[in-house]
Number of protein chains: 4
Amino acid sequence: MKKFKSKYEILRQEIYIIIYGANTFLGRLFDLSLLGVILLSVFLVMFDSMEGIGKKYHDFVYVCEWIITIFFTIEYILRIISNKKPLKYIFSFYGIIDLIATLPMYLSFFIPSTSFLAAFRALRLLRLFGILNLMPIIGQQSHLKEALIASKNKIIVFIYFIVVVSIVLGTVMFMIEGRHNGFKDIPTSIYWCIVTLTTVGYGDVAPTTPLGQFIASMIMIMGYGIIAVPTGIVTAEYAKATNHNPELEKKRVCKHCTSFIYDEDANYCPNCGTKIENE
Amino acid sequence: MKKFKSKYEILRQEIYIIIYGANTFLGRLFDLSLLGVILLSVFLVMFDSMEGIGKKYHDFVYVCEWIITIFFTIEYILRIISNKKPLKYIFSFYGIIDLIATLPMYLSFFIPSTSFLAAFRALRLLRLFGILNLMPIIGQQSHLKEALIASKNKIIVFIYFIVVVSIVLGTVMFMIEGRHNGFKDIPTSIYWCIVTLTTVGYGDVAPTTPLGQFIASMIMIMGYGIIAVPTGIVTAEYAKATNHNPELEKKRVCKHCTSFIYDEDANYCPNCGTKIENE
Amino acid sequence: MKKFKSKYEILRQEIYIIIYGANTFLGRLFDLSLLGVILLSVFLVMFDSMEGIGKKYHDFVYVCEWIITIFFTIEYILRIISNKKPLKYIFSFYGIIDLIATLPMYLSFFIPSTSFLAAFRALRLLRLFGILNLMPIIGQQSHLKEALIASKNKIIVFIYFIVVVSIVLGTVMFMIEGRHNGFKDIPTSIYWCIVTLTTVGYGDVAPTTPLGQFIASMIMIMGYGIIAVPTGIVTAEYAKATNHNPELEKKRVCKHCTSFIYDEDANYCPNCGTKIENE
Amino acid sequence: MKKFKSKYEILRQEIYIIIYGANTFLGRLFDLSLLGVILLSVFLVMFDSMEGIGKKYHDFVYVCEWIITIFFTIEYILRIISNKKPLKYIFSFYGIIDLIATLPMYLSFFIPSTSFLAAFRALRLLRLFGILNLMPIIGQQSHLKEALIASKNKIIVFIYFIVVVSIVLGTVMFMIEGRHNGFKDIPTSIYWCIVTLTTVGYGDVAPTTPLGQFIASMIMIMGYGIIAVPTGIVTAEYAKATNHNPELEKKRVCKHCTSFIYDEDANYCPNCGTKIENE
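Residues numbered from 1 in each chain as written. Chains lettered and ligands numbered in written order. Predicted model: local features only at pLDDT ≥ 70, side-chain atom pairs only at ≥ 80, totals over all residues. Heavy atoms only, no water.

With an unreviewed UniProt entry as reference, chain A is termed Ion transporter, source organism Paenimyroides tangerinum.

(A) Local environment of the overall build of chain A. Check the secondary structure of chain A and you find 13 helices and two strands. For chain A, with 279 residues in total, the buried portion stands at 48%. Expressed as a percentage of contacts within chain A between residues at least 6 apart in sequence, the contacts between residues at least 24 apart total 53%. Surface accessibility of chain A: about 14500 Å² in total, with carbon and sulfur atoms responsible for 70%. (Helix = DSSP H or I, 4+ residues; strand = E, 2+ residues; numbered from the N terminus. Buried < 20%, exposed > 50% of the residue type's maximum accessible area, 1.4 Å probe, protein only. Contact = heavy atoms within 4.5 Å. Areas by Shrake-Rupley, 256 points an atom, 1.4 Å probe, with all protein chains shown as cover.)

(B) Molecular detail of the domain arrangement of chain A. Looking at the assigned domains, one finds that chain A contains domain 1 (7-133) and domain 2 (142-241). A C-alpha centroid distance of 38 Å is found between domain 1 of chain A and domain 2 of chain A. (Domains from an automatic or database assignment.)

(C) Main features of the nonpolar core. In this structure, Trp192 of chain A, Trp192 of chain B, Trp192 of chain C together with Trp192 of chain D are the most contacted members of the largest nonpolar core, which totals 242 residues. Apart from the residues lying within four places of it in its own chain, the contact partners of Trp192 of chain D are Tyr202 of chain A together with Met173, Phe183, Val205, Ala206, Pro207, Ala216 and Ile219 of chain D. (Core = buried A, V, L, I, M, F, W, Y, C linked by side-chain atoms within 4.5 Å.)

(D) Spatial organisation of the packing of aromatic side chains. According to the stated counting rule, one finds 36 aromatic pairs over all chains in the structure shown. Here Phe93 of chain B and Tyr94 of chain B contribute two aromatic rings whose centre-to-centre distance is 5.6 Å and whose plane-to-plane angle is 55 degrees, an arrangement assigned as tilted. Judged by relative accessible area, Phe93 of chain B falls into the exposed class, the value being 56%. Residue Tyr94 of chain B is classed as partly exposed on the basis of its relative accessible area of 24%. Taken together, the aromatic side chains of Tyr16, Tyr20, Tyr76 and Tyr89 of chain A make up a single cluster linked through ring pairs. Positioned above the aromatic ring of Phe72 of chain A is the side chain of Arg124 of chain A, whose terminal nitrogen or guanidinium carbon lies 3.7 Å from the ring centre. (Phe/Tyr/Trp six-rings, centres within 6.5 Å; stacked < 30°, edge-to-face > 60°. Lys NZ or Arg CZ within 6 Å of the ring centre and 35° of its normal.)

(E) Focus on the environment of Ile70 of chain D. Residue and element names in this part refer to chain D. Tracing the chain through its elements places Ile70 in helix α4 (residues 58-82). By relative accessible area, which is 44% here, Ile70 ends up partly exposed. Separated by 152 residues in sequence, Ile70 and Met222 have C-alpha atoms that sit 53 Å apart.

(F) Representation of the side chain of Thr196 of chain C within the structure. Its place among the elements puts Thr196 of chain C in helix α10 (residues 186-197). When sequence neighbours within four positions are dropped, the list of residues in contact with Thr196 of chain C reads Ile219 and Met220 of chain C together with Val200 and Tyr202 of chain D.

(G) Up close: the pattern of salt bridges. One pass over the full model with this rule turns up 24 salt bridges over all chains. In this structure, Arg79 of chain B engages Glu75 of chain B in a salt bridge whose closest nitrogen and oxygen atoms are separated by 2.6 Å. Highlighted residues: Arg79 of chain B and Glu75 of chain B, both in helix α4 (residues 58-82), separated by four residues, approximately one helical turn. The exposure class assigned to Glu75 of chain B is buried, which follows from its relative accessible area of 2%. Taking the shortest distance from any N to any O, the salt bridge between Glu75 of chain C and Arg124 of chain C comes out at 3.2 Å. Of the two residues, Glu75 of chain C sits in helix α4 (residues 58-82) while Arg124 of chain C sits in the loop between α6 (93-110) and α7 (127-131), which places them 49 residues apart along the sequence. Counted as one network, the salt bridges with shared partners bring together Glu75, Arg79, Asp98 and Arg124 of chain A. (Salt bridge = Lys/Arg side-chain N within 4 Å of Asp/Glu carboxyl O.)

(H) Local environment of the relation of the copies chain B and chain D. Note on the identical chains: chain B maps onto chain D by a rotation of 180 degrees and an axial translation of 0.0 Å, with an RMSD of 0.2 Å. Both chain copies can therefore be described as sitting about a two-fold axis. (Least-squares fit on C-alpha atoms with pLDDT ≥ 70 in both.)

(I) Structural detail: a nonpolar patch on the surface. A contiguous nonpolar surface patch, about 690 Å² in accessible area, is contributed by Tyr62, Leu99, Leu103, Leu107, Phe109, Phe110 and Ile111 of chain A. The leading source of residues in the nonpolar patch is helix α6 (residues 93-110) of chain A, at five residues. (Patch = residues over 30% accessible without salt bridge, like charges linked within 9 Å, V, L, I, M, F, W, Y side chains within 5 Å.)

(J) View of the interface of chain B and chain D. Contact residues are listed per partner, giving five residues for chain B and five residues for chain D. Across the chain B to chain D interface the summed buried area is about 230 Å²; carbon plus sulfur atoms make up 24%. Run the count over chain B and chain D and you get zero salt bridges. Viewed at the interface, chain D and chain B are joined by zero residue pairs in polar contact (both at pLDDT 80 or more). Here the residues of the side of chain B that touches chain D sort into two nonpolar, three polar and no charged. (Buried area = accessible area lost by both parts, 1.4 Å probe. Polar contact = N/O pair within 3.5 Å; in protein donor to acceptor, adjacent residues only side chain to side chain. Nonpolar A, V, L, I, M, F, W, Y, C, P; charged D, E, K, R; others polar.)

(K) Geometry of helix α12 (residues 228-242) of chain B. Counted at 1.5 Å a residue, the expected span for α12 of chain B with its 15 residues is 21 Å, and the 21 Å between its end C-alpha atoms agrees. Counted residue by residue, α12 of chain B has 14 buried out of 15 residues, so it is predominantly covered. (Expected span 1.5 Å × (residues − 1).)

(L) Region of interest: the confidence of the model for chain A. Residue and element names in this part refer to chain A. The predicted model of chain A averages 77 in pLDDT, with 76% of residues at 70 or higher. Per-element confidence in chain A is highest for helix α10 (residues 186-197), whose mean pLDDT is 90, and lowest for helix α13 (residues 246-249), whose mean pLDDT is 42. A low-confidence stretch, residues 245-251 (pLDDT under 50), is modelled with seven contacts involving residues beyond four sequence positions or located in other chains. The complex prediction reports pTM at 0.79, with the ipTM value standing at 0.76. (pLDDT = per-residue confidence, 0-100.)

Below, the structure written as structure tokens:
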């Protein structure tokens, strides 16, 4: 019995190395297969949606989707079994994505109207960040992450401000344009206002009265100034994060009292007064 | 009589604490109710505007709006009565918003065509900045505010410049496109020019003649360069505002050799080794 | 004769002070009248272009335009006569604008088809920068001007680059979309490409083939990255222009050899070796 | 035989100086002719695409295109022959462009359907960067190039992130809008999402259901925040590249007291007064 357990333990470790690792040949192969299956799965969802071709090969696509779903299910189970701390994986970022991406197919089996959840399968594309080793560039020692965290609160307040402004201006525009030209109710007018302030400008809703066009022009010019604010925040925070003076980091240490000496021109240790020998 | 006055004074203080404060249970409850009523009031204005549903429940909405208006009226009166300096509140930012947001309903009672003023009720959403305690993030010790104030004048001149350019180019485009394709008069052409320069681009008015398209392309590329200017101003001002090196501002001077001491924790002058008396 | 000349000289000076100056009551009055007439003149051009109302009051507008033109002509002549260096004014920025803005009306008298030159009358709005005293904000000691001059060359090369890219991509898109959906010839396709790269996006020309939409998506994402470049240039140059370290400007002067001492910690003049007394 | 060889060598050198150089009169003339022929060639491709005029002069354009192609072929051969290291030219940036721009015409002779490759002729416009001497501005000692290289990886990850987000959101929107209003399949929905996130906003595909418009609004506001990121990266990197404080890099050290000497013109050490030997 003990022998079987240790045998199982060895198998568990081997699977763990293949699935979680990327240094062995099999580990790399697994990563690339996963990459392929994810891309195929996303491609199938797209293909299925196309009017003409989609319907023709519907049965073929349906079978493929089930094969892929079973593949992902096996992968999910193996990830849980092979991991010593399965709960850590289950509640990790990738664990949740893997679950959300796999479940919909089973749900659609029981509740047909949930087929739209297939959209979440695309979330698995985020795994590519891990497989292609992209995270180090924006992750760990990243100034970008630092800048985004520093900017977060300000940008949230800013977005809230834009939403309030859009509600007020959207209501005003609805009153002016009066149910014509797409301004059919206040929510649509607010939608128009957001479309305008963000400089997207579809044109599906557009003012036609002179007063409406005048106020729209005001809103656009305002949006022109407003677009500068989030950019300014992110840029300045990013510049600050990357701007840690490297020279300050090369600070010396007093040989007598081991305190840091920040002043490059120091002849004497500012803490204990010992004369410093310049290297 | 005196007793009554002091009793009234106690009541006034209690109301003041509930309405203006947020530290007591009742004060917090009042804030949250206000938040709810404001959101409900904005939702009702939107709901009323919708073609199908709006008409069906019009009477219900109408009654609700009057109840909300009376609630806001009572709140407004209580705010004035409970405040020791009522004029300060009345002419404060929130005081004016509260009035502008409450009046329209009464006006629409006497003058039916002013119902469009209901738009101003959305202004009350700005109160959420106070209730949700968002102001500290962009307010008080905020670099963002500093940057926006520093950028204001330049951006105003910049906007004025854009307006003048739009008038000139709008007139030119009207001459070229000649009343066709939406360029039906000069104000519309100016509106088109602003839509283009701000990169909104609805497409409700768009050039169709080759020359018109050529000039439009020029305007767009120009707008591409122009969009950089307000962003540049805000970013640089924001960076400047956040960049005050705190270490440089706190430097001390050695009383013996008069050299600057950058290290805040220095006990001895790093230049001549004299002991420093800490103030 | 001499007396008359000096009398004329006095009159010339008085006119000069009224027209060019803004410190006397009459000078200020003249500026404000000019402001009014310019605004009226621009308003009239707009008013005249409007389909319905424009035609009705056409005669009235026509008379008004002639009155305004004569006013501007008199102003132009007075500016030349009253100025001691008339050529300097004539070839100055405002002198050229005044001429370009006044001429069209006379030209339209002889050559009817030149009425479109009325657009240039709007150029006079630039005078408002002078009248409203806006120039100091972006002019003289302005970092913005400095930044724009420093960025100019780079932005011109950048714009040239965008034009070349647009020509190449425009031609490619024309080949793909093949005369359909607005891509009717290569110039139109180039126009579409500029509309897309600058994120204006009218939608009057838009790809409909899957391949066309795919390439358009690539172009948009590219444009997304490209829009960052001019903004980056202007911002960095503006930041550099405003970032002259104020401490470096407080440099001391050696009392012996009068050379500047940049090093704040200097005990001896780095030029002549004299000991420095610290103030 | 030897004499002929040296004669050929002289001719080769003369051709080399004319074609590659720009300092001699003939070299400059060649550059300008090349500029003219390139512009003419691009103009012809455009002209040929125009519906009305294009067909009329089709034969004339066809002959012109062959003449230009032969001119470019001769130029290409001369560049190879006159160059001592022909392979270096062939595989250089301009060498590849020259080939890509010349080949299509010959290909279209054998395979008629490849006429769309004429688009690549526009690539030759990039030669203008060399002829007009624009490269030094963005090339060699350029901070811009440095900044773009430093930003490259981050922006690629960022673009990948946008593509993944677009696929997820595009699929969601397809499920919501359900084959109506242009959302005819998932690839089109993804295309819509990219059009929206980049703030281009054609409006050929636009949501009409309230839920679709709500989610679209969310996407736009998100895109508004996202647009700040690449701008922030490029700006900060550019600022860093231009910000190398030249004074800090040139600092010397006093041989006597080992303190740094920031003042480049210093004759005496500002710390101890020792005379400095200028290297």
